[in-house]
Number of protein chains: 2
Amino acid sequence: MADQTDSSDDIVLNDFLCFGLYAGNHAMNRVYQPLLKALGLTYPQYLVMVMLWAHDDQSVGELGRKLYLESNTLTPMLKRLEALGYVSRGRDPQDERQVRIRLTKQGKAMQTEAACIPPEIIEATGMSIEELKGLVTKIDSLRSNLSDWAQERSAS
Amino acid sequence: MADQTDSSDDIVLNDFLCFGLYAGNHAMNRVYQPLLKALGLTYPQYLVMVMLWAHDDQSVGELGRKLYLESNTLTPMLKRLEALGYVSRGRDPQDERQVRIRLTKQGKAMQTEAACIPPEIIEATGMSIEELKGLVTKIDSLRSNLSDWAQERSAS
DNA sequence: TCAATAAATATCGTGCACGATTAAATCGTG
DNA sequence: CACGATTTAATCGTGCACGATATTTATTGA
């Protein structure tokens, strides 16, 4: 009985954890929203742009693996980004199955406009860089564990 | 110049933080999904049920304040829970503006079925109770800071 | 070679999230 | 009492997230 805590405690803790992520994500969204409105981007669209700024010319699948999203979510989103004039979409001549996403001139130019956002977010968190680094590590480790568990689950 | 770290570091850190919450939330969703499918609930619906199990008979507004959601999200969700037979919706006779949400017999009964979920989630996190407690505290503190910042922003 | 399989993307339907707006009930103050 | 302001839900439109399925291209193996 030393290796297991009180189960009612587990319930509460779990609820707070799942809810914490849920609410934390929403709160982050709401901080980003006014900042992104100036760029005409939504939060998920911004994440796509961040990925492309880091590494231009990626396939839908590559973006999906990094963002943990699939084509059913990405395709419509990328079409919107294309309609906004920030990316181009085109089949890869070497493998016509793939669609390659590239930044347009306008999309590249946005990176400098967006540079003002991260410092604002850091400030909004009200945490020190050290605290944030620790939190990022913990959350990523949590995400990784959860992903592994879901993976094993679906395999069985 | 001692009070500000390298700004390029900030950019990376910020991107990882926002993305961490985003991806962590998704991962949590994906762990819950197969468990909740047995109950016929979605993740946000489950959160509503958790709130009602803790305290039955709440108004839409009360639920919204706890879940950080508003009627535009809650009303359709609560109607679905009503259609599923888990809650009832009715105007408060004392204040006809309010709609009170109550668990049905079936909704109350589900609590015992759902009791098996939290321990599974705890296991899926692959973390110790102490680690989780620390993480929950940190994330909630982050959420609180972000909310305050968004609040001040919109006020100005 | 060519049919079966696999891989990559797209489509469709449902449910959440949220800004903006609307409608109804209540409250407050003259 | 009356009427404007406030509170509470609901409605509408758009975009994300995702399960299930379809479509197209590439690969593999008799």
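Residues numbered from 1 in each chain as written. Chains lettered and ligands numbered in written order. Predicted model: local features only at pLDDT ≥ 70, side-chain atom pairs only at ≥ 80, totals over all residues. Heavy atoms only, no water.

Observations regarding the sheet that holds strand 3 (residues 99-103) of chain B
Residue and element names in this part refer to chain B. In spatial order, the strands read 1-3-2; together these three strands make up an open sheet with antiparallel pairing. In this open sheet, the two edge strands, each paired with only one partner strand, are strand 1 (58-59) and strand 2 (87-91). Inspection of the sheet shows strand 2 paired to strand 3 by five bridges, in the antiparallel sense. Note on strand 3: the bridge partner recorded for arginine 91 is valine 99. (Pairing = 2+ DSSP bridges. Helix = DSSP H or I, 4+ residues; strand = E, 2+ residues; numbered from the N terminus.)

A few points about the environment of A:Asn145
Mapping A:Asn145 onto the fold places it in helix 7 (residues 129-155). Put simply, A:Asn145 and A:Leu135 are 10 residues apart on the chain and 15 Å apart in space, counted from C-alpha to C-alpha. In this structure, A:Asn145 is in contact with B:Ala124, B:Thr125, B:Gly126 and B:Met127, ignoring residues within four places of it in sequence. (Contact = heavy atoms within 4.5 Å.)

Details of the relation of the copies chain B and chain A
Of the transformation superimposing chain B on chain A, the axial component is 0.0 Å and the angular component is 180°, with the fit at an RMSD of 0.0 Å. Look at the turn and shift together and you get a two-fold axis relating the two. Taken together, the interface assignments show that 100% of the residues at the interface of chain B recur at the interface of chain A, consistent with an identical surface on both copies. (Least-squares fit on C-alpha atoms with pLDDT ≥ 70 in both.)

Side note on the UniProt feature "domain: HTH marR-type" (unreviewed entry) in chain A
The UniProt entry lists residues 14-144 of chain A under the feature "domain: HTH marR-type" (unreviewed entry), expressed in the numbering used here. The straight-line gap between the two end C-alpha atoms of residues 14-144 of chain A is 17 Å; of that span, 70% is helix and 13% is strand. (UniProt positions renumbered as here; feature names shortened; annotations may be inferred.)

Considerations on the sheet that holds strand 2 (residues 87-92) of chain A
Residues and elements named next belong to chain A. Spatially, three strands are ordered 1-3-2 in an open sheet, and the strand pairing comes out antiparallel. Two strands bound the open sheet, and with one partner strand each, they are strand 1 (58-59) and strand 2. In this sheet, strand 3 (residues 95-103) lies alongside strand 1 in antiparallel orientation, the contact comprising two bridges. Following the sheet pairing, glutamine 58 is matched in strand 3 by isoleucine 101. Against the sheet, helix 4 (residues 71-83) touches strand 2 and strand 3, its axis set at about 125° to strand 2. (Axes fitted to C-alpha atoms, helices over the stretch in contact; angles between N-to-C directions.)

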